[in-house]
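# Overview (structure and organization)
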Amino acid sequence: VRSPAGASKQDIRQRVWDHLEGSGLAAFPRPVHGRIPNFEGSHQACCSVRELDAFRKAKEVKVDPDKPLEGVRLAALQARKTLLVPTPRLRTGLFNRIVPPPGATKEMLRICATSQGVKDFSVPIGLDGKARVDLVVVGSVAVSEKGWRIGKGEGYADMEYAMMVSMGAVQADTPVITIVHDCQIVDIAEELLDDHDLTVDYILTPTRTIKTNCKRSKPQGIMWHKASYSGKGNLWVSYEMLRKIPVLKSLRYREKQAGKDVTLKDEHPDLANAAKPTVLNEKAMAENTRPQAATDSTQIGQQYVESDSLSPALERSGTLTTVYVGNIPPSTRVSELKHALREFHVTPVRLNWQGAQHRAFLDYKDKATATSAVSSLQGLSLGGKTLRVELARHQRNKGQVEINSQK
């Protein structure tokens, strides 16, 4: 595919997609438009990864979930490497580690490498999962022999890489590979590239292996604040991105705790007020947290309930929806959880703290609010552990005061 002078990224994508479909090279799922396209010969291209020293030496490999990369996922599983696959659109976290069943046959490994297998045989890895990725494999719509890459336009591969940098999961010399058809190799004008665009070190096609010797630096992490933007490969984050990607909120919270400036480029001063509790009575919050040193010491091992003055109508209505928070470290104080809830703008109407059981229950006014809170808190870690957050399996009955335990 030739890239005409002055073509935009979207122009190039459209020409590649059209060519794959028009030439009969496109493979399931179709149409390939809007996707990282699968193509005839993708498995052959993937098999070439076995010949690379970068693959042979790698112990932990991150491979995107796209269909044309299925062969690389299979190769990693067959070589008994740790295989990490990003969760689709980062909705529930950053990675899933694929864990084949004991004694898995070759056929079972093939199933594990498919998109369905990724869902059925995976374990989520949180931000504190201590991932150390030795090799990154991404899909592309187009790529140049210089290693300049164009994805499908949503920016998730760039975001995933920047988050891995912030987590310490990849280093500056961690190699990046992409798998494409020969027709997807095009000339890409350098002015089309943004500083946060991920570049690649190897291109594998059905007919050849290209070492790009790319000199352009890869993203160096997430830069939250426009005023601090260095212009050296840091990915900006918008308030909208933060809303859509819960694990990004968790990473921002963790970096804020470490003392970094995490103000967003499109965040305005009045948004600071949004962090204040909007449902929980602030006077009650202040009274419950004032004797913090003395109170927290007992809260670690005892049950503790904090709530606003619920109206009798709301209490009787039975409309409250409960969220279960588990895997809370023994040393965590209730004040730490409350602080996180304020940061994530998900303060409940009632907080039932059961520190001795390493859990807490959060009451919200309705199911929609509770579901939104669960989404926002995915990937949150306290005390070095990623919390388990989900709707409580047993919602309380009308008028019932105690919340049933999570099994």
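The protein chain carries the name Methenyltetrahydrofolate synthase domain-containing protein in an unreviewed UniProt entry, which gives Crypturellus soui as its organism.

Now for helix α4 (residues 70-78). The element α4 is largely enclosed, with a buried count of eight among its nine residues. One or two steps after α4, the chain reaches arginine 80, where phi turns positive at roughly 60 degrees.

Below, the discussion takes up the pattern of salt bridges. Opposite charge on two side chains lets them pair, provided their charged atoms get close. In this structure the tally under the stated criterion is 17 salt bridges. The partner of lysine 9 in a salt bridge is aspartate 197, and the shortest N-O contact between them spans 2.8 Å. Taken together, the residues lysine 9 in helix α1 (residues 9-22) and aspartate 197 in the loop between β8 (176-179) and β9 (202-204) connect sequence positions 188 residues apart. Considered together, lysine 9 and aspartate 197 belong to a single accessibility category, that of buried residues. For arginine 149, the salt bridge goes to aspartate 158, with nearest N and O atoms at 4.0 Å. For the residue pair arginine 149 and aspartate 158, the accessibility class agrees, reading buried in each case. Several salt bridges share partner residues, and in doing so they unite Lys9, Asp194 and Asp197 into one network.

The next point concerns α1. Every α-helical turn comprises 3.6 residues, leaving residues that sit three or four positions apart pointing alike. With 14 residues, α1 extends 20 Å from end C-alpha to end C-alpha; this agrees with the ideal 20 Å at 1.5 Å per step. Every buried residue of α1 is listed here: Lys9, Ile12, Arg13, Val16, Trp17 and Leu20. Across the axial projection of α1, the buried residues extend over an arc of 130 degrees, all falling on one side.

Conventions we followed
Residues numbered from 1 in each chain as written. Predicted model: local features only at pLDDT ≥ 70, side-chain atom pairs only at ≥ 80, totals over all residues. Heavy atoms only, no water. Buried < 20%, exposed > 50% of the residue type's maximum accessible area, 1.4 Å probe, protein only. Helix = DSSP H or I, 4+ residues; strand = E, 2+ residues; numbered from the N terminus. Salt bridge = Lys/Arg side-chain N within 4 Å of Asp/Glu carboxyl O. Expected span 1.5 Å × (residues − 1). Arc of directions from axis to C-beta.

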